Amino acid sequence: MCAVLGSQGGENQDMGVRSELCVFDRNSDPGLDELTELAAVLCNADYAYLGWMDYNRLWFRSRYGFRGSDQPRAATACQWMLEKGQPLLIADASQDPRFPPTGIPLPNADPCLSYAGVPLLSGDMQIVGTLAMLARTPDRFKPEHLTLLETLGRQVVTRLELYSRIRMQEQAQRQRQRTERALAIERCFVAATLDSIPALVTVLDTAGRVVRMNEPCSQLTGISLAHAIGLPFVEEFLEERDRSWVVSKLRDAVVGQGSGPHETAWRGVGGSSRRVSWTLRPLQGPTGEIQYLIVSGQDVTDQRAMEKALLSSEIRYREMVENSLGFVFTCSMEGRVTSLNAFTAETLGYRPEDMVGRMLTELMDATGVATFQDCLNTVETDEEWQGALSLRRSDGVYRRFAVHSRSMQLAGERSFAIVHGMDVTEQYEAEEALHLATRQRELILESVGDGIFGIDLDGKVTFINEAGASTLGYAPERITGRDLHELIHHSHADGTPYSRSTSPILQALRRAEPIRMRDEVFWRRNGSAIQVEYSANPLLEDGQVSGMVVAFQDVSERRRLERMKDEFISTVSHELRTPLTSLRASLGLIQSGALDKRPEKQRQMVEMAIGNCDRLTRLVNDILDFDGAEKRRLPLDREPVEAIDLLRRAADVAHGAATKARMEFRIDAKASPVFADSERVMRVLNELVTNAIKFSPPGTTIQLSAQDVAGSGPDDSASGTREVCFMVADEGRGIAPEKLERIFEPFHQGDASDSRALGGTGLGLALCRSIVEQHGGRIWAESELGNGSRFLFTLPAASFVDPAK
């Protein structure tokens, strides 16, 4: 059904009418579908529909002869009919300029040339939609068809209004049921609430008769709710002496004037009398008249008894406080002293009369003032406060007091704070000293490089410093509280289990004696073992063992260096003993005169002795040069030198050894001059060439080359710095990949057996690396087992170096 869209107000009104008539309901309605089909049949129409229209679209509520839920508003004939709000008849749409030449469009249907439509009017003459007929041929509809459509339209509106009334009745019925349920819930909630609160609550009518009372009130009076309803409140609840003036208060409440709090005696269970503090409040009805009176109160019998007992014991209390050796005083909520005992005044160095009326904050520093204000704020909310206050004595010395404060209020007086405590200055200073000592211990533990941890009698870690936790791969909090043995000491170095009974640490704990272990292992979090040395000492408290303190060191690197030292001593001993033995034999033969008649043999022995002396000299020089290079003390005499000259000199020096080994050199140098110490560079090249000859089979070729490369530093590509890369390549057995880096470390060789079979100290390549790095270059090796090795190093090109540097 189609709505008229006029002014904003008219639109809202139409929308409300359509909403009430369920126009927006798009569900199929057989009744409306039958009326639409009947209209189409009676009018001999090809298509028919009931619809409503918004700003942009026409929505079909019921349709005949076509499928579709909506179409654009501008394409419909209904919008022209609804402009005037009157029936519209179009004989031939192809001749009508408002429509395309083909006719009036319709979703999923042929264009139509004939149209007849009437507005649907509600009871208050509001347009809620349209009923329209369409035909593919012209002149299908006549004026009498419009009359027929108006009659059927009224039937449509009547059906919609019937739907609306049924829906409104259903909604009213549901609303009434919800209201009744809500009222029932509200009544139950009010009753449960009244019975659950500790206050006394009684509801009276305007005549003063009981209508309702809660469970606490029933328990106080001993009257059940069933028996209480209708009883006069004044006569049944109150003592006779209070009835007259309470009746006047009830009359005032009936006219809207509440009163209270009042305190009277109520009749209790078994004729007892209870003191009740209560108020009276009127309760208005929906029309504003007073319907009920609410009496709410609290049984204060016990409270009044306590107050009486407190008042009666005030003198005894004052005497007790005055003569006590505790720190006791009272003050107002503003912090002004109102009373104090003699001990408090004496402790502070004042007379009691000098302190009364004085602001306590006058004896405090800024921090103390803030703390005391927090104390007063807390006790003012009826909560207790515990803490420490520092007060200045008359001699200027501060004393620290641990105090407990709470508020108190006597009848007819303002509330005040009562504070009692004790002087804890010495205890506080001792605790501060202990805290300082503890902090110093923690700082010491964190500053040492060794790992330190403690265990209790069950073997669980009680503390560990950062260095120890880091060595074991844990955060300190992840290891504290866990079993030491199961965590880091569960296995030997070979992986076999380490029983608790044989654990040295746990044995020392049981025997309460210190131990020191050298060759042990602890296990890291990642499952790897570390070699450690540790000492464990009992932790004594009052002469009793309470645990153990263990200090340990990771000695993995030390053990590695010791092994390297042993290998070096063994290698150097061999390197020294071999030439010395030969030297001694040669000189011995010459000295004995056995070779006096054989001058050639004697000369050979002399040459052998000189060669062994040179060998010893090179060994000592290697050791001294390595030590100097490691300490960056090697003097460098840098100057530009041709790379090809260095390669040729290296080949010339090794020519004899290469010829003897049936090897040849191939030199390829297309490089710039380098800025370097030629003698130091020759030392590197000689070492690399000697190794190539030593580890290559006879009949192979050793390649020496140099070429320009871009700088390897992080800023070199931008600055244009260039380097020269030298290479010594052989065709030997190669080096295992995992040893390519380690061969440049001191005392390391590709194969440990090489030091015996081929000689050498293991310092050559380490010395090469130091020399190259001191020049600002780098050295590395590339190799595959069985395919030879390539040793490469870089030096700065002379054209890119400022000699002044």
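The structure displayed is predicted, hence computed values, not measured ones.

Cut-offs and rules
- Residues numbered from 1 in each chain as written.
- Predicted model: local features only at pLDDT ≥ 70, side-chain atom pairs only at ≥ 80, totals over all residues.
- Heavy atoms only, no water.
- Helix = DSSP H or I, 4+ residues; strand = E, 2+ residues; numbered from the N terminus.
- Expected span 1.5 Å × (residues − 1).
- Contact = heavy atoms within 4.5 Å.
- Salt bridge = Lys/Arg side-chain N within 4 Å of Asp/Glu carboxyl O.
- Buried < 20%, exposed > 50% of the residue type's maximum accessible area, 1.4 Å probe, protein only.
- Phe/Tyr/Trp six-rings, centres within 6.5 Å; stacked < 30°, edge-to-face > 60°.
- Axes fitted to C-alpha atoms, helices over the stretch in contact; angles between N-to-C directions.
- Left-handed = near helix turned anticlockwise from the far one by under 90°.
- Parallel < 35°, antiparallel > 145°, perpendicular 65-115°, else oblique.
- Nonpolar A, V, L, I, M, F, W, Y, C, P; charged D, E, K, R; others polar.
- Pairing = 2+ DSSP bridges.
- Core = buried A, V, L, I, M, F, W, Y, C linked by side-chain atoms within 4.5 Å.

1. What about helix H13 (residues 366-380)?
For H13, built from 15 residues, the straight-helix expectation of 21 Å at 1.5 Å per residue is met to within 8% by its first-to-last C-alpha distance of 21 Å. Buried residues in H13 make contact with strand E12 (327-331), strand E14 (385-392), strand E15 (398-408) and strand E16 (416-423). Asp382, located one to two residues past H13, shows a positive phi value of around 65°.

2. Points about the pattern of salt bridges
All chains considered together, the criterion is met by 24 salt bridges. Of the charged contacts in the structure, one is a salt bridge between Glu161 and Arg165, with a shortest N-O distance of 3.9 Å. Remark: Arg165 and Glu161 occur in helix H4 (residues 143-196); sequence separation between them is four residues, near one turn of the helix. Looking at Glu161, the relative accessible area reads 18%, which means it is buried. Glu782 is the salt-bridge partner of Arg790, the closest N and O atoms lying 2.4 Å from each other. Members of the salt-bridge network, linked through shared partners, are Asp46, Arg136 and Arg140.

3. Some points on the packing of aromatic side chains
Under the definition given, this model contains 18 aromatic pairs. Their ring planes at 20° and their centres at 4.1 Å tell us that Phe327 and Phe401 sit as a pair that is stacked. Residue Phe327 is found in strand E12, and its partner Phe401 is found in strand E15; the two are separated by 74 residues along the sequence. Here Phe327 matches Phe401 in class, with each residue buried. Ring centres 6.2 Å apart and planes at 65° place the aromatic pair Phe744 and Phe791 in the edge-to-face group. In this pair, Phe744 is assigned in the loop between strand E26 (722-729) and helix H25 (754-757) and Phe791 in strand E28 (residues 789-796), connecting sequence segments 47 residues apart. An identical accessibility class is assigned to Phe744 and Phe791; each is buried.

4. Examining the packing of helix H23 (residues 678-694) against helix H26 (residues 764-774)
Two numbers describe how H23 lies on H26: the axes approach to 9 Å, and their chain directions differ by 145°. The way H23 lies across H26 gives a crossing that is left-handed. Facing H23, whose interface residues are Arg680, Arg683, Val684, Glu687, Leu688 and Asn691, H26 presents Gly764, Leu765, Leu767, Cys768, Ile771 and Val772.

5. Re unusual backbone geometry
In the segment running from Gly260 into Pro261, the intervening peptide bond is cis, with an omega of 10°. One can find Pro261 in strand E9 (residues 259-267). For Asn108, which is not a glycine, the phi torsion comes out positive at approximately 55°. Along the chain, the position of Asn108 falls in the loop between strand E4 (88-90) and strand E5 (114-121). For Asn108, a relative accessible area of 65% puts it in the exposed group. Positive phi is not limited to glycine here, since Arg662 has a value of about 55°. In this fold, Arg662 is placed in the loop between helix H22 (655-660) and strand E23 (664-670).

6. Things to note about helix H18 (residues 504-511)
Among the residues making up H18, those that are buried are Pro504, Ile505, Leu506, Ala508 and Leu509. Taken together, the buried residues of H18 touch strand E17 (451-456), helix H17 (484-488), strand E19 (515-523), strand E20 (529-541) and strand E21 (544-554). Two residues or fewer after H18 comes Ala512, characterised by a positive phi angle close to 55°.

7. Some details on the packing of helix H21 (residues 643-653) against H23
Closest axis-to-axis distance for the H21/H23 pair is 9 Å, and the angle between their directions is 50°. What the angle tells us is that H21 and H23 run oblique. Of the two elements, H21 crosses H23, and the hand of that crossing is right-handed. Residue-level contacts link Leu646, Leu647, Arg649, Ala650 and Val653 of H21 to Ser678, Glu679, Val681, Met682, Leu685, Asn686 and Val689 of H23. Class assignment for the residues of the contact of H21 with H23 results in eight nonpolar, two polar and two charged.

8. Some details on the sheet that holds strand E25 (residues 701-710)
Picture the strands of a sheet paired through backbone hydrogen bonds; they go either parallel or antiparallel. Pairing in this open sheet of five strands is mixed, and the strands run E23-E25-E26-E28-E27 from one edge to the other. This sheet does not close on itself; its edge strands, each paired only once, are E23 and strand E27 (779-783). Ignoring which end each strand starts from, the neighbouring axes of this sheet average 20° apart. Bridging between E25 and E26 involves eight bridges; their strand directions are antiparallel. Within the sheet, the bridge partner assigned to Ser705 lies in E26 and is Met727. Helix-sheet contacts for H23 involve E23, E25, E26 and E28, and the interaxial angle to E28 is about 175°.

9. With respect to the nonpolar core
In terms of nonpolar packing, the biggest core is built from 40 residues, with Leu646, Val674, Leu685, Phe726, Val728, Phe791 and Phe793 touching the most fellow members. Among the elements that take part in this core, H23 stands out by supplying eight residues, more than any other. Discounting chain neighbours no more than four positions away, the residues touching Leu685 are Leu646, Leu647, Ala650, Val728 and Phe793.

10. With respect to the environment of Val210
Relative to the assigned elements, Val210 resides in strand E8 (residues 210-213). Residue classification places Val210 among the buried positions, given a relative accessible area of 2%. Measuring from C-alpha to C-alpha, the distance between Val210 and His227 comes to 9.8 Å, with 17 residues separating the pair along the chain. Each residue touching Val210, except ones within four places of it in the same chain, is listed here: Thr202, Val203, Leu204, Ala228, Ile229, Gly230, Leu231 and Phe237.

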